[in-house]
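# Chain and residue survey
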Amino acid sequence: MAKEKNNKMEKIVSLSKRRGFIFPSSEIYGGFANSYSYGPYGRELKNNIKDLWWKMFVQERIDIVGLDGPILLNPRAWEASGHTTGFNDALADCRKCKKRFRADHLVEEATGKDLEGQLEEMTKILKEEKIKCPECGKSDWTEVRNINMMFKTNMNSFDGDVYLRPETAGAIFLEFKNVVDSMRVKIPFGIAQIGKAFRNEIVARNFIFRVREFEQMEIEYFIDPEVKWEDLFEEWLKLQEDFASELGAKDKNIRRYEHAKEKLSHYSQKTVDIEYNFPFGFAELFGLAHRGDFDLKEHSKASGKKLEYFDPQNNKRFVPHVLEPTFGLDRSLLVALSSAYTEEKLEDGSERIVMKFPKKLAPIKVAIFPLLKNKPKLVEKAREIYDNLKTEYMCEFDDNGNIGKRYRRQDEIGTPYCLTVDFDTLEQDDVTIRDRDTMKQKRVKIKELNDYLNKKLK
Ligand code: ATP
């Protein structure tokens, strides 16, 4: 089973490269730190996921506004939020091969124990259980110690370390007052942001699941500390699950994991992860945390500025509490790839690989083919249709190879519809439309194409 699962991951990684979704980055220089580039189709897919999220959580919500804050913040912000001292991972070095590992992961994989934060205990278990180095197989570990996960950089105009943000949420709290003063928001309200975050992960692994540079989609949802938050919390969990379904995840592959009370930060009343059954097993996809008034209070203390909300209805001034739904974009994309990946046996005994993305996520919506490359009339007509449709949808024009090959390629990038211009087209002004999922073909009049595709795709 495990082999089969890894096999699926390998297939996804290989298809991603072969078909222009995701490339290992800096490959011509031997690669770099397990980082990746999103290729032409990966970029489209990623943008479609971002658009879907923005539509669902900003455009269609009267109570949530957007923000686009900087990656570099005043470093005092990371001191106030506790990141400079507390945003750590537990590190163990193998004395033999000098490779570095997350000690908590080594212990958990070997014993099933979650010892997050308990450094001495982890050192003891690594030794006592003779846990082997995944790289060289020896068991000779250094003491487990904390290592900060923020990337440091410097600014020519600033004396001291500057950090690349390890999460997008920070900027939201810093702009809380500006949003309240400029936007007439009424509590409860949210501020949403999509952007890059950077974490100096000890080990990057599982393709784009754990990387050092990634994107997050986050919301801080501010609430009155006196209202019952439990129902809202449940609502947010449901919304996160809904979003996972929109990515194509089946219900059976989504589950909740509630963090044990004693493991929560002192300010958090509840934290739940939404986990997805990735090809390597269940792991965190999204998170939802009740963070109380910790962030606003700390930033207020450190900056000396009041970060409060005034409720004119009951003449009440208070520091709001906050629910923080956070969504990883790269992990969302991995869910989309993993849920869409399908191998099908066809009637003639052959096999096809098809990416059954939800249509709104498909990188290319319509592919247009002239039946033959060397017939100018067909090519001209196909170009005309392409030029007409491209203003509405991401389209692709392809006149390479035989039609079967062109279908196979579009199946592998998940294109819902392929249109073929053939000799009948020139007589009857219609084209063949082939459906990705059913592989059924149908003739549709060119003048009805827009309506037809609109109905199917929107
Ligand atoms: P993990 O336990 O997997 O390291 P985390 O609990 O540290 O994750 P959060 O701090 O809650 O993660 O970050 C919010 C979201 O950002 C996660 O749910 C995940 O989707 C995404 N994320 C976090 N770290 C990474 C990473 N290294 N690579 C890709 N996505 C990440």
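None of these values were measured; they are calculated from a predicted model.

### Digging into the packing of aromatic side chains
Within this structure, the stated rule accounts for 28 aromatic pairs. Consider the rings of Phe 278 and Phe 280, whose centres lie 5.4 Å apart with planes at 5 degrees: the pair is stacked. Aromatic ring contacts, followed pair by pair, group Trp 53, Trp 54, Phe 57, Tyr 221, Trp 236, Phe 243, Phe 286 and Phe 327 into a single cluster. Stacked on the ring of Phe 282, the Lys or Arg Arg 255 has its end atom at 4.0 Å from the ring centre.

### Looking at the domain arrangement of the protein
In terms of domains, the protein is made up of domain 1 (2–73 + 157–337), domain 2 (88–148) and domain 3 (364–457). Taking only C-alpha atoms, the centre of domain 1 and the centre of domain 3 are 38 Å apart. Each side of the interface is counted separately: domain 1 has 7 residues, and domain 3 has 7 residues. Taken together, both faces of the contact between domain 1 and domain 3 bury some 660 Å²; the carbon and sulfur share is 49%. Viewed at the interface, domain 3 and domain 1 are joined by 2 salt bridges. Put simply, Arg 18 and Glu 412 hold a salt bridge, and the shortest N to O gap is 2.8 Å. Run the count over domain 1 and domain 3 and you get 4 residue pairs in polar contact (both at pLDDT 80 or more). Contributions of two or more residues to the side of domain 1 that touches domain 3 are made by α1 (2–18) and α2 (40–59). Looking at the side of domain 1 that touches domain 3 element by element, the count peaks at 3 residues for α2. Of the residues in the side of domain 1 that touches domain 3, the class split is 3 nonpolar, 1 polar and 3 charged.

### Details of the pattern of salt bridges
By the definition in use, this model includes 45 salt bridges. Ionic pairing is found between Arg 434 and Asp 411, a salt bridge with its closest N-O pair at 2.9 Å. With Arg 434 in strand β22 (residues 430–435) and Asp 411 in helix α13 (residues 403–413), the pair connects residues that are 23 residues apart, well separated along the chain. Asp 411 carries the same exposure label as Arg 434, and that label is buried. Here the salt bridges do not stand alone but share partners, grouping Asp 89, Arg 102, Asp 104, Glu 201 and Arg 210 into one network.

### Regarding the site of the ligand
Looking at the ligand, there are 13 residues lining it, with Glu 201, Arg 210, Val 211, Glu 284 and Leu 285 nearest. At 2.8 Å, a backbone N or O of Val 211 approaches a nitrogen atom of the ligand. One of the side-chain N or O atoms of Arg 331 is found 3.1 Å from an oxygen atom in the ligand. Here the ligand has 590 Å² of accessible area as a free molecule, and 81% of this is covered by the chains. Put simply, the parts of the chain that give the shell around the ligand at least two residues each are β10 (213–223), β13 (281–292) and β16 (321–328). With 3 residues, the top contributor of residues to the shell around the ligand is β13. Counted by class, the shell around the ligand contains 5 nonpolar, 3 polar and 5 charged residues.

### What about the sheet that holds strand β23 (residues 441–445)?
Pairing is mixed across the open sheet formed by 5 strands, whose spatial order is β20-β19-β21-β22-β23. Both outer strands of the open sheet, β20 (395–397) and β23, are each paired with one neighbouring strand and no more. For this sheet the average axis-to-axis angle between neighbouring strands, irrespective of direction, equals 25 degrees. As paired strands, β22 and β23 are joined by 5 bridges and run antiparallel to one another. If you follow Thr 432 over to β23, its bridge partner there is Arg 443.

### Thoughts on the environment of Lys 127
Within the secondary structure layout, Lys 127 lies in helix α6 (residues 119–128). Remark: the alpha-carbon pair of Lys 127 and Ile 433, spanning 306 residues in sequence, is separated by 63 Å.

### Describing the environment of Arg 331
With respect to the helices and strands, Arg 331 occurs in helix α11 (residues 329–340). As for Arg 331 and Leu 285, which are separated by 46 residues in sequence, their C-alpha atoms are 6.1 Å apart. Here Arg 331 is in contact with Phe 209, Arg 210, Phe 278, Glu 284 and Leu 285, once residues within four sequence places are set aside.

### Points about the side chain of Thr 123
Position of Thr 123 among the secondary structure elements: in helix α6. Of note is the side chain of Thr 123, whose polar atom sits 3.0 Å from the backbone nitrogen of Val 144. Ignoring anything within four residues of it in the chain, the contact list for Thr 123 reads Glu 143 and Val 144.

Analysis parameters
Residues numbered from 1 in each chain as written. Predicted model: local features only at pLDDT ≥ 70, side-chain atom pairs only at ≥ 80, totals over all residues. Heavy atoms only, no water. Phe/Tyr/Trp six-rings, centres within 6.5 Å; stacked < 30°, edge-to-face > 60°. Lys NZ or Arg CZ within 6 Å of the ring centre and 35° of its normal. Domains from an automatic or database assignment. Contact = heavy atoms within 4.5 Å. Buried area = accessible area lost by both parts, 1.4 Å probe. Salt bridge = Lys/Arg side-chain N within 4 Å of Asp/Glu carboxyl O. Polar contact = N/O pair within 3.5 Å; in protein donor to acceptor, adjacent residues only side chain to side chain. Helix = DSSP H or I, 4+ residues; strand = E, 2+ residues; numbered from the N terminus. Nonpolar A, V, L, I, M, F, W, Y, C, P; charged D, E, K, R; others polar. Buried < 20%, exposed > 50% of the residue type's maximum accessible area, 1.4 Å probe, protein only. Near = heavy atom within 4 Å. Areas by Shrake-Rupley, 256 points an atom, 1.4 Å probe, with all protein chains shown as cover. Pairing = 2+ DSSP bridges. Axes fitted to C-alpha atoms, helices over the stretch in contact; angles between N-to-C directions.

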